[in-house]
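Coordinate inspection notes
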Amino acid sequence: MAKNSVSHNDLANAIRALSMDAVEAAQSGHPGMPMGMADVATVLFTKFLKFDVSDPDWPDRDRFVLSAGHGSMLMYSLLYLSGYEDMTLDDLKKFRQLHSKTAGHPEYGYAKGIETTTGPLGQGLANAVGFALGERVMNARWNDDLVNHYTYVIAGDGCLSEGISQEAIVLASHLGLSKLVVLWDDNEITIDGATSLATSEDQVARFKAAGWDVQAIDGHDPEAIEKAIKKVQKTAKPSMIACKTTIGFGAPTKAGKASSHGAPLGADEIAGARKNLGWSHGPFEVPDDILSHWRQAGVKNSKDLGKWNKKLDALDPAQKIEFLRQLSSELPDGWQEALIDLKKSFTKAGKAVSTRKASGEALEVLKPLVPEIVGGSADLSGSNNTITSVSKSISKDDYDGNYMHYGVREHAMSAIMNGLALHGGIVPYGGTFLVFTDYCKPGIRLSALMGKRVIYVMTHDSIGLGEDGPTHQPVEHIAALRAIPNLLVLRPADAVETAECWELALLSKKMPSVLVLSRQNLPIARDQHIEENLSTLGAYILSGTEGKREVTLIATGSEVSLAMKAQEMLREKGIGAAVVSVPCWKLFNEQPREYKETVLGYNSYKIVIEAAFPMGWRDYIGENGIVIGMTTFGESGPAEDLYKHFGFTAENIVEKALEGLGK
């Protein structure tokens, strides 16, 4: 076959064949979507997507997000065919096998070219909004020469069915993210069967109503696909291209049916598909001329890359260093010293403040020193104390800001923050009430799974929020968050620990953090300034005892002050008690055994005080102690009355201590 005879169909069918073969070899996976969207992906990668396999981390590359992550063989095929070094044919043959790069759904960090972890439907679409927003913010900061790229996302019917999609697309339009392009795989099939079983929605009308530029095309017509993508380059709106496709395209009996969605096609069906597609090559076999054409697509932007590098080198040396620093995970000098000074001022003032307010004061000193910090809130800026005097709102008229008004869109906020962090150049934080981590949980989980520095500022952390009542009073939420691997859950006891927790969150380059903050004022727990960040230890003896330690009072957050009062009352009764503050379980678990035993008071009677569900605390206290926690929902009323009603008083702590000691 002559080199110039390679057609679009040959290139697209290479994707289809590899996807069929890999799913069949694994006896697991989703062949239908890659087969249906192969034409769209081929046009995108060979004619439009700006990338270069020789520098897969090129900061100004276009971003490609496969929101319909179940069709992961589409991505893996594209990466292999384009020539990414770390995606080989052997990797495709190991699809869905243990420790393989080619996991069931695309996993960030497994291979270059995988921009984000997708699978939970709709998350990738919202991530893409974050990528596109990150591009505009960085563009405003640095200009077109360094930052000027598109974000393309392939989304399926499932992605558009999830509620997060509505939150994301409305916000994308509101922000005028014109470099965001959604390629909708309009195949009218889900796992259960035809989409008509569950929806009658007109997606084209929906996106138009949201303010998007919308086109509808034949997703198997390469000329129509090319024309549509060219058109989006000229619009001032985000774009959605509805690509009418046939799931399992080419399969003789399963094309257009749910049976091609999530199961291997089978040997006979694959043989029939090969015949229908005119693909006579064996399993995992791509002819050299077709592969060569694909490899050319992987380096088609080499001149663009070269020009970009020259522009980078032409920068003032200090600017170049700063640009590259912002894209790295390294933070500038000076911010830690500023937090130490803030701690000192908190201790000197000795004033009781809520930890949400202390968090806001930490942001006041951090934002001028760390320009990549971009904050926001889900319509609770004042309550979360996430907005500061140096915050500047981001809008479609001015992207040169550092604060996002997400609106009442907690689900999208968490996913968009993931996209911002993944884009690079931005350290995102966002706030809402702790109880609404239920709405953020999918995004928080993916932050942890991908190991991205995303900071969740969660206030109103207990029954201490008072009159709003049990719908807004978190009970089980801290325990649920602590159960997520690779997540720092930080519940500071006072303003000083809050500053320390902000330092921990910013130092956690490969781990997200949740700051669990109080609504009510809390007294300063330390009477002297200590420069060392004690919260780094996870738990520490806040107040010891001179004589024998009979009781150890272990508390977090707002309950630490109650433990301090109880300690004094026990001292008056001649009972030695120590107070242990536990701002972070995870960090405490990482300490040496000897340290943990010393802190917890190995032979002492232990009482945990935390206004949250007690799950997990037995691991720390064993049978020689009790937990004063929440085992029911809260109630509506003043915080002081609620604390007394549920037993969170110094008097009750003392009573439990005396009972435990048999006195």
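What you are looking at is a predicted structure, and each value in this text was computed from that prediction instead of being measured.

Attention now goes to the pattern of salt bridges. The final tally for this structure, using the stated rule, is 29 salt bridges. The partner of Lys 357 in a salt bridge is Glu 361, with the nearest N and O atoms 2.8 Å apart. One end of the pair, Lys 357, and the other, Glu 361, are both in helix H15 (residues 355-366), 4 residues apart, so they sit about a helical turn from each other. A relative accessible area of 26% means that Glu 361 is categorised as partly exposed. Residue Arg 571 pairs with Glu 568 through a salt bridge whose shortest N-O separation is 2.4 Å. Here Arg 571 pairs with Glu 568, and both are found in helix H21 (residues 560-572), just 3 residues apart, close to one helical turn. Classification of Glu 568 as partly exposed rests on a relative accessible area of 36%. Each member of the salt-bridge network shares a partner with another, and the members are Asp 186, Glu 188 and Lys 244.

Within the largest apolar cluster, 121 residues are counted, with the highest numbers of intra-cluster contacts made by Phe 64, Trp 212 and Trp 294. In contact with Trp 212, other than residues within four places in its own chain, are Ile 169, Ala 172, Ser 173, Leu 180, Val 182, Phe 207, Lys 237, Pro 238, Ser 239 and Met 240. Val 370, Leu 490, Ala 499 and Ala 505 belong to the second-largest nonpolar core, a separate cluster that totals 33 residues.

All right, on to the side chain of Thr 556 then. Here Thr 556 lies in the loop between strand S15 (551-555) and H21. Take Thr 556: its relative accessible area is 0%, and that puts it in the buried class. In contact with Thr 556, other than residues within four places in its own chain, are Arg 482, Arg 491, Val 582, Ile 609, Glu 610 and Trp 617.

In a regular helix each residue adds 1.5 Å, so 19 residues correspond to 27 Å; helix H1 (residues 8-26) covers 28 Å between its end C-alpha atoms and thus fits that length. At the C-terminal side of H1, Gln 27 shows a positive phi close to 55°.

Another aspect to go through is the sheet that holds strand S17 (residues 605-609). Strand pairing in a sheet is mediated by backbone hydrogen bonds. Such pairs are either parallel or antiparallel. Pairing is mixed across the open sheet formed by 5 strands, whose spatial order is S14-S16-S15-S17-S18. Because the sheet does not close on itself, it has two edges, and the strands there are strand S14 (540-543) and strand S18 (625-628). This sheet shows a mean twist of 25° between the axes of neighbouring strands, independent of strand direction. Relative to S17, S15 runs parallel, the two sharing 5 bridges. By the bridge assignment, Ala 555 is partnered in S17 with Ile 609.

A separate point is the packing of aromatic side chains. The full count for this structure, using the stated rule, is 17 aromatic pairs. Plain terms: the ring middles of Tyr 76 and Phe 95 are 6.1 Å apart, the flat faces sit at 65° to each other, and that makes the pair edge-to-face. With Tyr 76 in helix H3 (residues 72-82) and Phe 95 in the loop between helix H4 (89-93) and helix H5 (123-142), this residue pair connects regions lying 19 residues apart in the sequence. Summarising the burial analysis for this pair, Tyr 76 and Phe 95 share the class buried.

Turning our eyes to something else, we now look at the environment of Phe 346. Secondary-structure assignment places Phe 346 in helix H14 (residues 335-349). Exposure remark for Phe 346: the relative accessible area of 7% places this residue in the buried category. Note: C-alpha distance between Phe 346 and Lys 300 (46 residues apart in sequence) is 57 Å.

With that settled, the discussion passes to the pairing of S17. Burial of S17 is extensive: 5 of the 5 residues sit out of reach of the surface. Along S17, one buried face is formed by Tyr 605, Ile 607 and Ile 609 and the opposite face, lined by Lys 606 and Val 608, is buried too. Where S17 meets S18, 4 bridges bridge the pair, whose relative direction is parallel. Across the sheet, the residue bridging to Val 608 is Val 627, located in S18.

What counts, and at which threshold
- Along each chain, numbering runs from 1 in the same order as the chain's sequence is written.
- Only residues with pLDDT of at least 70 are given local features in this predicted model, and only at 80 or more are side-chain atom pairs given and counted; all residues enter the totals for whole chains, interfaces and linings.
- For the side-chain quantities, the full set of heavy atoms in the structure was used; hydrogens and water were omitted.
- A side-chain nitrogen of Lys or Arg and a carboxyl oxygen of Asp or Glu constitute a salt bridge if their distance falls within 4 Å.
- Segments assigned H or I by DSSP are reported as helices when at least four residues long, segments assigned E as strands when at least two residues long, and all are numbered from the N terminus.
- A 1.4 Å probe rolled over the protein chains alone gives each residue an accessible area, and that area as a share of the maximum for its type sets the label: buried under 20%, exposed over 50%, partly exposed in between.
- By nonpolar core is meant a set of buried Ala, Val, Leu, Ile, Met, Phe, Trp, Tyr and Cys residues that side-chain atoms within 4.5 Å join together.
- Here, two residues are considered to be in contact whenever any of their heavy atoms come within 4.5 Å of each other.
- Each residue after the first adds 1.5 Å to the expected span of a helix.
- Here the rule is simple: two strands pair whenever DSSP picks up at least two bridges between them.
- Angles shown run from 0 to 180 degrees and are taken between the N-to-C directions of axes, each axis being a line fitted to C-alpha atoms and, for helices, limited to the stretch in contact.
- Any two rings among Phe, Tyr and Trp, with Trp reduced to its six-membered ring, count as a pair given centres within 6.5 Å; such a pair is stacked if its planes are under 30 degrees apart, edge-to-face if over 60, and tilted if neither.

The quantities given are spatial measurements derived from coordinates; they are silent on function.
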